[in-house]
Amino acid sequence: METKMINLKINGIAVSVPEGSTILQAARQAGIKIPTLCYLKDINAIGACRVCVVEVKGARSLVAACVFPVSEGMEVTTNSPRVMSSRKTTLELLLSDHKKECLSCVRNKSCELQSLALEYGCDENKYKGATSNYAIDDTTPYLVRDNNKCILCRRCVAACKEYQSVAVIGANARGFDTHIACAFENPLSSVACVGCGQCITVCPTGALTEKSEIDNVLAALADPNKYVIVGTAPSVRVGLGEEFNSPIGTEVEGKMAAALRRMGFDNVFDVDFAADLTIMEEGTEFIHRVQNGGTLPMITSCSPAWIKFIEHNFPDQLAHLSTCKSPQQMFGAIIKTYYAEKIGKDPKDIYVVSVMPCTAKKFEKTRPDQNAAGENIPDIDAVLTTRELAKMIKRMGIMFNDLPSEKFDDPLGISTGAGVIFGVTGGVMEAALRTVAEKLTGKELPSVDFVEVRGTKGIKEAEYDVAGIKVKVAVASGLANARVLLDQIKEGKSPYHFIEIMSCPGGCVNGGGQPIRTADERNNVDIKATRAASIYKLDKEMPLRKSHDNPAIKAVYEEYLGEPGSHKAHHILHTSYIKRGL
Amino acid sequence: MYRSHVLVCGGTGCHSNNSANILKAFNEEIAKANLTADVQTVQTGCFGLCAVGPVVIVYPEGAFYSCVKVEDVPEIVSEHLVKGRLVERLLYKEKATGKTVKALSETNFYKKQTRVVLRNCGVINPENIDEYIAMDGYQALIKVLTKMQPQEVIDEVLASGLRGRGGAGFPTGRKWQFTKDAVGDVKYVACNADEGDPGAFMDRSVLEGDPHAVIEAMAIAAYAIGAQQGYVYVRAEYPIAVRRLQIAIDQAKEYGLLGKNILGTGFNFDLEIRLGAGAFVCGEETALMTSIEGNRGEPRVRPPFPAHKGLFGKPTVLNNVETYANIAQIILKGADWFKSMGTEKSRGTKVFALGGKIVNTGLVEIPMGTTLREVIEDIGGGVPNGKKFKAAQTGGPSGGCIPAEHFDIPIDYDNLISIGSMMGSGGMIVMDEDNCMVDIAKFFLTFTVDESCGKCTPCRIGNKRLLEYLDKITSGKATMQDLEDMEKLCYYIKDNSLCGLGQTAPNPVLSTLRYFRDEYIAHIRDKKCPAGVCKSLLQYKIIKDNCIGCGMCQRQCPANAISRTDYIAPGKKLAAMEIDPSKCVKCGACMSTCKFKAIIKE
């Protein structure tokens, strides 16, 4: 059926848009940008902030462009004095109850409220009167909520509910006292929050930030008794450049390694190595389950927010989870055991920092049973988000864009294309299939590209013939999609053998620790696809693209672990889960 | 056959005044007098004249006893019911003339009313479906199900000119037509009984006094638009209404007037009650539906309108209680009958809840087009204590005030809007010369600020700032620039808010500014509250020459602000007192205790 086109005029410009379009969308087509604050494509069209108001001929009052549908012959004005003065007043009202510590705010210069206040020439002190005074919620190891900076756009509420189906935050109280919090004012640490950080990445102001570990890392670097090792997750290299004004998804692996070395880390390693290690263990576990009637489908366990999600929401399905630690935790565990021994260091003196596109990793490192080298020796000591790393680089005066391209250190900086695609939805599945297929058939794959599991779709499925076994796989990103697959399992209707789940929509490239993009960019650019493209380009250019071909991985097994899935490997690289419930 | 009927009001007002025990006492006394077979007692809904409750009416005489107490019951039984002699001292007296009136229908309060919506209130026992049926109840439903096509029902309602009684006055028939025409397999009818305007209680009275009228109308609406399920959203603060509505629904089900295959016609309709938690904003249609769906009661954007995408995303008709209460009679008596009442653009009657500075506090139902003067002076008995009428607020916190200069304007939707107010749900609060209009605006705005859901910026923060401007004015700290900024903010909030609550919240400020700007200016320029209400601008003073120095005021003062001077007024024995304005908390205790008119407030 052909879509009906609607003709209207915006600021006198004739446009023709599909029926059902909003004024906001139609204006874009006319080359007019209407400012928004609460609107977020696909998840939050609530017309609440009123910054996008426009004049529609014949309408009694102004209307919100983000939700108002176009109609034939409509005449819209987006920049009349009435409209512009209204927007200015709305911004001034928001500013009148906003903690204005902009100079030192973590979102200074990346704050959507600030940009608009500047654009509209606001008087930030126009309205005086009562201001909110909320206690800061910093009860979790990963997130800080300062409602005194919140403008109640509810994008965080929508992200939590729509992307993740977690829905642990919402509006409490009413009128001027309305604020976003957990039910009954419970602290975030006491509810089923999974720590994904999607709320942070959609927040237009500084109301939501990750809990910073920059000071801990700086202290460790300054401590002469600490041997400080850093490792970076796959997605960081396609996000970090954005903090230095590069286009979305620019790959900066070489500059990143150079920067880390200049910051004073004793070893600059790559968590991609640990991703390859994960495949060895997880692939072996999968084959074992298939051949020995183990619990199927088996589900990946790399994404810590996903782990917490299943522990809260499907506590009776934990047997489906792979027992493998995540690449981050394997990274720390192998450093503090194998590598410590190799370089003759007491693991107590080694301080491992992981740089992650993720906030849930800050929680993961605090989980029990994540201390392979012994009690009180955590596998990972500090987790920095991509954003925190950028901030540290700036603070240390490193001119990132002028840096040469450098390599990671050996041996834990060696990785394959299978490791790097861990950053994208479908990547873990593809990496596992590359190894599992060759292990089972004992033959080299004609092609390592499993394209069916690629792409940003929320749920993908495919069926492969692996050594005569039909393997049905599914891949989900975004926990709302994960819930669909888990409900199937719970009802006993899951047709799959192997499921990959990443908490954030599109996978880690779009993680809660990645650079924050404005709503306008989110609404008009497919950020996750753009970053993912860079990841796949890296994979393609790698000389080695299968985890089991990684020479450093082979060495670890030969020198230390024995076989994948060995007793020692289990002790160091595997973990257990907790029935949390709701 | 009973020879006498004793009707005891069981509306919320009289109920709170112990009417349940009065009914009990009647039953006991009647039994003692061996009259149980001859006299029937009936608990009815509200009679309307709440100011003189608890109300008891004895038929066949129609004797109207007011302010009845449990102790009065034996006398009414022994004198009236046994001996046939009216108890004169308990009969209602007109406040204006002091004349004793025997029957309710003879009172000035009732004479000018036309009771369509309230026709059964105070007449039947709302907990007995047979009494409703005896008053032509469910005849309209039978008529539509057996003799009318859905479109004919809508045409009749359209032709009647009935407009929504919940506030905005949207033509009811058009709303039904939109919903009937909307594409959808499942449709709903809903009733807004979340009456939230301060001082309005007509919907409560209908549910308490005539709940079947609403049930019948909703079934008719469901038939007209093609729905099988209805919801009544009632505030939980109306326990009697909720209980009686539930009883009525159960009885209707038992009689086959709700449920499957109603009256054998194949028409199915079920009705459920949903309780509101007391948020004013849930009276807004989209917020109400969001609340029924189990979410936080917040308005959502329109379009889509409920007729297309309402409850649970399905086409929905939502009308308020009073609107529904007209339907059965329009069907039975015809559109022309309904059109014969009211004005050209506002047909039928409207119920008002009279409150504030008025003699006859209560519910009145008048034909549209009745003047404000008739309502307030003739029906309401005017302003008490010889005070001067200043203004009446209609439309509650969303409406505006009507000053004396518009006393003769015929009340209808459009006239009220033209003078800066609105019909709203029908609250009418009367103010006299002792009311400060800035303070009144502050009162209503305080309410809306409290009740804002907090979703959109203009309402959440804008109205708060507006209230802060009013605070500044009433405490004498505002400048003329503030007044100008405040007025601009009012228009901004009206133009930018998401829902009706925000869009109308500044109306009380704008309408008082329109008619009483001089009062605002007096507060700002002269630092005076002309009505003597705004405490910060008041000063209590002792006129020393009138003061006998008794010291009573000093003993009453809670703030130790009063002390003795060394001045003895001529002819007095003790030294006069004085008030330290820096300590005075302006409670007025000194002034009310002084018997010598020595203390004034200015």
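Please read these numbers as outputs of a predicted model, since none were measured by experiment. (Residues numbered from 1 in each chain as written. Chains lettered and ligands numbered in written order. Predicted model: local features only at pLDDT ≥ 70, side-chain atom pairs only at ≥ 80, totals over all residues.)

(A) Here's a closer look at the overall build of chain B. Helix and strand counts for chain B come out as 23 helices and 18 strands. Its C-alpha radius of gyration of 27 Å places chain B within 12% of the 25 Å reference for a compact globule of 602 residues. With the C-alpha coordinates of chain B rotated into their principal frame, the extents come out at 95 × 65 × 40 Å. For chain B, buried positions account for 56% of its 602 residues. At a minimum sequence separation of 6, the contacts of chain B that also span at least 24 residues come to 72%. (Helix = DSSP H or I, 4+ residues; strand = E, 2+ residues; numbered from the N terminus. Rg over C-alpha atoms; globule rule 2.2 N^0.38 Å. Buried ≥ 20, exposed ≤ 12 C-beta atoms within 10 Å, placed from the backbone. Contact = placed C-beta atoms within 7 Å.)

(B) Spotlight on the overall build of chain A. Each helix and strand counted, chain A has 19 helices and 17 strands in total. A globule of 582 residues ought to have a C-alpha radius of gyration of about 25 Å, and chain A, at 25 Å, matches this closely. Principal axes of the C-alpha set define a box for chain A whose edges measure 75 × 60 × 50 Å. Split into buried and exposed, the 582 residues of chain A put 55% on the buried side. For chain A, the share of sequence-separated contacts (at least 6 apart) that also reach a separation of at least 24 residues comes to 74%.

(C) Representation of the domain arrangement of chain A in the model. Residue and element names in this part refer to chain A. Each domain of chain A was delimited in the assignment, giving domain 1 (5-79), domain 2 (102-210) and domain 3 (215-573). The gap between the C-alpha centroids of domain 1 and domain 2 is 26 Å. At the interface, 10 residues of domain 1 touch 12 residues of domain 2. Split into classes, the residues belonging to the side of domain 1 that touches domain 2 amount to nine nonpolar, one polar and no charged. (Domains from an automatic or database assignment. Nonpolar A, V, L, I, M, F, W, Y, C, P; charged D, E, K, R; others polar.)

(D) Fine view of the sheet that holds strand β12 (residues 298-299) of chain A. All names here are of chain A. Reading across the sheet, the four strands line up as β12-β17-β16-β15 and stay open at both edges, with mixed pairing between neighbours. Two strands lie at the open edges of the sheet, namely β12 and β15 (459-466), each paired on one side alone. Its contacts with the sheet place helix α14 (residues 427-441) against β15, β16 (469-477) and β17 (498-502), and it is angled at close to 10° to β15. (Pairing = 2+ DSSP bridges. Axes fitted to C-alpha atoms, helices over the stretch in contact; angles between N-to-C directions.)

(E) Representation of the sheet that holds strand β1 (residues 4-9) of chain B. All names here are of chain B. The strand order across the open sheet formed by four strands is β2-β1-β3-β4, and the pairing between neighbours is mixed. The outermost strands of the open sheet, each flanked by one partner alone, are β2 (39-44) and β4 (63-65). Shown here is a sheet whose adjacent strand axes are inclined to one another by a mean of 20°, direction ignored. Sheet topology note: the β1/β2 ladder contains six bridges and is parallel. Bridge assignment links leucine 7 to a residue of β2, and that residue is valine 42.

(F) Here's a closer look at the interface of chain B and chain A. Listed per partner, the contact involves 25 residues of chain B and 27 residues of chain A. Only α17 (437-451), α18 (457-474) and α19 (480-496) of chain B provide two or more residues apiece to the side of chain B that touches chain A. Of the residues that constitute the side of chain B that touches chain A, the class distribution is nine nonpolar, six polar and 10 charged.

(G) Representation of the confidence of the model for chain B in the model. The predicted model of chain B has a mean per-residue pLDDT of 95, with 100% of residues at 70 or higher. For this predicted complex, the interface confidence score (ipTM) comes to 0.95, while the overall pTM stands at 0.94. (pLDDT = per-residue confidence, 0-100.)

(H) The pairing of strand β10 (residues 227-232) of chain A, seen in detail. Residue and element names in this part refer to chain A. In terms of residue burial, β10 counts as a mostly covered element, since five of its six residues are buried. Pairing of β10 with strand β13 (residues 350-356), which is carried by six bridges, proceeds in the parallel orientation. Bridging from a neighbouring strand, tyrosine 227 pairs with isoleucine 350 of β13. Both β10 and strand β11 (residues 267-270) contribute to a ladder of four bridges, which runs parallel. What sits directly across from threonine 232, in β11, is aspartate 270.

(I) Inspection of helix α7 (residues 150-160) of chain B at higher detail. All names here are of chain B. Among the residues of α7, Val153, Ile154, Glu156, Val157 and Ser160 are the ones counted as buried. Buried residues of α7 fall within an arc of 155° about the axis and therefore sit on the same side. Next to the buried residues of α7 lie α6 (139-147), α8 (172-181), α10 (211-225), α13 (321-333) and α14 (335-339). Count one or two residues on from α7 and you reach glycine 161, which has phi positive near 75°. (Arc of directions from axis to C-beta.)

(J) Focus on the packing of helix α9 (residues 304-313) of chain A against helix α15 (residues 479-490) of chain A. Residues and elements named next belong to chain A. Direction vectors running N to C along α9 and α15 enclose 45°, while the axes themselves pass 11 Å from each other. The angle between α9 and α15 places the two elements in the oblique class. For α9 against α15, the interelement crossing comes out right-handed. Side by side, α9 and α15 meet where Trp306, Phe309 and Ile310 of the first sit next to Leu479, Ala482 and Leu486 of the second. Taken together, the residues that form the contact of α9 with α15 break down as six nonpolar, no polar and no charged. (Parallel < 35°, antiparallel > 145°, perpendicular 65-115°, else oblique. Left-handed = near helix turned anticlockwise from the far one by under 90°.)

(K) Region of interest: the domain arrangement of chain B. On domain assignment, one finds that chain B holds domain 1 (4-107), domain 2 (129-339), domain 3 (349-432), domain 4 (437-525) and domain 5 (539-601). Relative to domain 5 of chain B, the C-alpha centre of domain 1 of chain B lies at a distance of 48 Å.

(L) Looking closely at the nonpolar core. Formed by 357 residues in total, the largest nonpolar core has its most connected members in Ile334 of chain A together with Val214, Met218 and Ile220 of chain B. No other element matches α10 of chain B, which puts 12 residues into this core. Counting 14 residues, the second-largest nonpolar core is a separate cluster that includes Ile542, Ile579, Cys594 and Ile599 of chain B. (Core = buried A, V, L, I, M, F, W, Y, C linked by C-beta atoms within 7 Å.)

(M) Structural context of helix α9 (residues 202-209) of chain B. Of all eight residues in α9 of chain B, eight are buried; the element is thus mostly enclosed. Turning to α9 of chain B, its buried residues number three or more, namely Met202, Asp203, Arg204, Ser205, Val206, Leu207, Glu208 and Gly209 of chain B.

(N) Fine view of the pairing of strand β3 (residues 56-59) of chain B. All names here are of chain B. Pairing of β1 with β3, which is carried by four bridges, proceeds in the antiparallel orientation. Note on β3: the bridge partner recorded for valine 8 is valine 56. In the sheet, β3 pairs with β4 via three bridges, with the strands oriented antiparallel. Across the sheet, residue valine 58 finds its bridge partner in β4, namely alanine 63. Counting the residues in the hairpin turn of β3 and β4 gives three residues, including glycine 62, whose phi is positive at 75°.

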